Amino acid sequence: MISKIDGSPQRRQIVAWLEQLADDEVMERVRRLGVAFNYEADIVLRNVEILNGLRDEALAFGREAQPAV
């Protein structure tokens, strides 16, 4: 889902970011997302905010992982 958001890094960067996280760190991020039955607007909007934050984490990881020039 993160790769579908505008401004997201490439899928391989997202995978690299997730792979360097411990299992409990991945699960903590997944638990942030709410389950929206019947597309409850508040939950859906909150999930969009959370996914944007995860995208930002992946982008920051990519910037940190790039060698200095």
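### Let's talk about the pattern of salt bridges
The final tally for this structure, using the stated rule, is 6 salt bridges. Residues E28 and R29 are paired through a salt bridge, measuring 3.9 Å at the closest nitrogen-oxygen approach. The class for R29 is buried, based on a relative accessible area of 15%. Across the pair E49 and R46 runs a salt bridge whose closest N-O atoms are separated by 3.4 Å. Taken as a pair, E49 and R46 lie in helix α3 (residues 41-65) at a separation of 3 residues, close to a single helical turn.

### Structural notes on the nonpolar core
Formed by I2, I5, I14, W17, L21, I50, L51, L54, A58 and F61, the largest nonpolar core amounts to 10 residues. Among the elements that take part in this core, α3 stands out by supplying 5 residues, more than any other. If near-sequence neighbours (up to four positions away) are discounted, F61 is found in contact with Q13, A16, W17 and Q20.

### Considering the side chain of R29
Its place among the elements puts R29 in helix α2 (residues 23-32). A polar contact of 3.0 Å, which involves the side chain of R29, links it to the backbone oxygen of E25. A distance of 2.9 Å separates a polar atom in the side chain of R29 from a polar atom in the side chain of E57. Those residues within four positions of R29 in sequence are excluded, and the remaining contacts are W17, L21, L54 and E57.

### With respect to the side chain of R55
Mapped onto the secondary structure, R55 falls in helix α3. A distance of 3.0 Å separates a polar atom in the side chain of R55 from a polar atom in the side chain of D56. Once you skip the residues sitting within four places of it in the chain, R55 turns out to touch I2, I5, D6, G7, S8 and P9.

Rules of the game
- Just so you know, the residues in each chain are numbered from 1, in the order the chain's sequence is written.
- Residues qualify for local features only when their pLDDT is at least 70, as the model is predicted, and side-chain atom pairs are given and counted only at 80 or more; totals for whole chains, interfaces and linings, by contrast, use all residues.
- Processing note: side-chain calculations cover all non-hydrogen atoms of the structure and skip hydrogens and water entirely.
- In the sections that follow, a salt bridge refers to a side-chain nitrogen of Lys or Arg positioned within 4 Å of a carboxyl oxygen of Asp or Glu.
- Three exposure classes are used, based on accessible area relative to the maximum for each residue type with a 1.4 Å probe and protein chains only: buried under 20%, partly exposed in between, and exposed over 50%.
- Under the scheme used here, helices are H or I runs from DSSP no shorter than 4 residues and strands are E runs no shorter than 2 residues, and both carry numbers assigned from the N terminus.
- In these notes, a set of buried Ala, Val, Leu, Ile, Met, Phe, Trp, Tyr and Cys residues joined through side-chain atoms within 4.5 Å is what counts as a nonpolar core.
- Contacts between residues were defined by any pair of non-hydrogen atoms, one from each residue, lying within 4.5 Å.
- By the criterion applied in these results, polar contacts are pairs of N or O atoms within 3.5 Å in which, for protein atoms, one can donate a hydrogen and the other can accept it, and in which residues neighboring in sequence qualify only through two side-chain atoms.

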